[in-house]
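# Results of the structural survey
Residues per chain are reported as follows:
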Amino acid sequence: SGTSTGSPKLRAELDGIPTYKPGKPAAAGGPVAFKLSSNENPYPPLPGVMESVVGAAETFNRYPDMACTALTQELADRFGVPASHIATGTGSVGIAQSLIQSTSGPGDEVIYAWRSFEAYPIITRISGATSVQVPLTEGEVHDLDAMAEAITDRTRLIFVCNPNNPTGTAVRRAELERFLDRVPSDVLVVIDEAYREFVRDTEVPDGIELYRNRPNVAVLRTFSKAYGLAGLRVGFAVAHEPVAAALRKTAVPFGVSQLAQDAAVASLRAEDELLGRVGSLVAERERVHAGLVAQGWTVADTQANFVWLRLGERTMDFAAECERHGVVVRPFAGEGVRVTIGESEANDLFLKAAEGFR
Ligand code: PMP
């Protein structure tokens, strides 16, 4: 005993799970000048946000405030919810993982649309639960009727990604409320609103309004997109107490650095300026969308900071063509390409690549 040459035993659930793939970077000094592959914000942090973290290095020998007290209170005030209903985490993907871990294990089912955010199948399998993927409609929108019909006794959690990554499409209030009415109260519905601040369709509901009188609804938000803090890894959930408390239990201890907490608070206080930038990105989105339509492409309505082109077999060729034009995009082989709205110069390069490819 103790002398075998085998490998440590790992959980069977991990077999065959692909490692999460980050968007391809723009090669420094290479032909690819702009990264439009990860739905990041092209603007650098605001001066006030940078100032808020200038002295932070001096405290790196100390652990951060584990309860994220200031950030939690700022969020509670902003949304008019009790602080006990806020849970912060290592990006919203960290919170999504905790939500699955808190609700689901082997034998349980997690429902979500497909295609959607590529982390959902990975974090579901890590928990040992089973993914139930419900295809999007022809119009690339969540098929909420089919999702309701997919609910079984084993369903523990349902993700509704609104707007949806990578299609940018969003579900509207009436259909989402009708869906929520059909979900049993012991099934958690997670409305993932990573791109909420880019929504302009007033029929698309604010998940936090839906959460207020529905104990089984949790909302995920992030500082990575509109707030431009992707590199700092901070997101939050708004959920009723048992769920929020479970999130606090299952979170990685000290998962949100003090740097991230301070920058997030400063960003909330600079919200007017940040949302002004979001407005510019939305204007660019409309320009890119209209440009693609004028070129003859069929593009789904997008409410996020990216556009989706369904290209099927031509996907990888199109991505290569974009790189020749200096932009790196996000291809999903055999399906389509997701292109982040970036600087107008980058968007122009993308439009040029699309025009030539058409
Ligand atoms: N949800 C969705 C729908 C996303 O697209 C992303 C980022 N790609 C995330 C969550 C995770 O973002 P973060 O962990 O940076 O908050």
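Residues numbered from 1 in each chain as written. Predicted model: local features only at pLDDT ≥ 70, side-chain atom pairs only at ≥ 80, totals over all residues. Heavy atoms only, no water.

In the annotation of an unreviewed UniProt entry, the entry for the protein chain reads Aromatic amino acid aminotransferase, and the organism field reads Streptomyces gulbargensis. According to the UniProt record, the Catalytic activity (unreviewed entry) comment for the protein chain reads "an aromatic L-alpha-amino acid + 2-oxoglutarate = an aromatic oxo-acid + L-glutamate". UniProt, in its Subunit (unreviewed entry) section for the protein chain, records the words "Homodimer." (UniProt positions renumbered as here; feature names shortened; annotations may be inferred.)

## Some words on the side chain of R196
Here R196 lies in the loop between strand 6 (188-192) and helix 7 (207-212). Within the structure, R196 has its side chain in polar contact with the backbone oxygen of P205 (distance 3.0 Å). Aside from chain neighbours lying at most four places away, what touches R196 is P163, V204, P205, D206 and R221. (Helix = DSSP H or I, 4+ residues; strand = E, 2+ residues; numbered from the N terminus. Polar contact = N/O pair within 3.5 Å; in protein donor to acceptor, adjacent residues only side chain to side chain. Contact = heavy atoms within 4.5 Å.)

## Observations concerning the UniProt feature "domain: Aminotransferase class I/classII large" (unreviewed entry) in the protein chain
Mapped onto this structure's residue numbering, the UniProt feature "domain: Aminotransferase class I/classII large" (unreviewed entry) falls at residues 34-348. Split by type, residues 34-348 is 39% helix and 17% strand. Its first and last C-alpha atoms lie 11 Å apart.

## Focus: the side chain of N305
If you trace the backbone, N305 turns up in the loop between helix 10 (271-294) and strand 9 (306-310). For N305, the side chain forms a polar contact with the main-chain oxygen of N39, separated by 3.1 Å. Those residues in contact with N305 that sit more than four places away from it in its chain are N39, E40, Y195, F198, V339, T340 and I341.

## Topic: the UniProt feature "modified residue: N6-(pyridoxal phosphate)lysine" (unreviewed entry) in the protein chain
Sites flagged by UniProt as "modified residue: N6-(pyridoxal phosphate)lysine" (unreviewed entry) map to K225. Along the polypeptide, K225 turns up in the loop between strand 7 (217-222) and strand 8 (235-238). For K225, a relative accessible area of 15% gives the class buried. Not counting the four nearest positions on each side in its chain, K225 is found in contact with S38, N39, N41, A194, Y195 and F198. (Buried < 20%, exposed > 50% of the residue type's maximum accessible area, 1.4 Å probe, protein only.)

## Examining the pattern of salt bridges
Scanning all chains against the criterion turns up 21 salt bridges. Residues R285 and E286 are paired through a salt bridge, measuring 2.9 Å at the closest nitrogen-oxygen approach. The class of E286 is partly exposed, set by a relative accessible area of 40%. The network of salt bridges with shared partners includes D145, E149 and R182. (Salt bridge = Lys/Arg side-chain N within 4 Å of Asp/Glu carboxyl O.)

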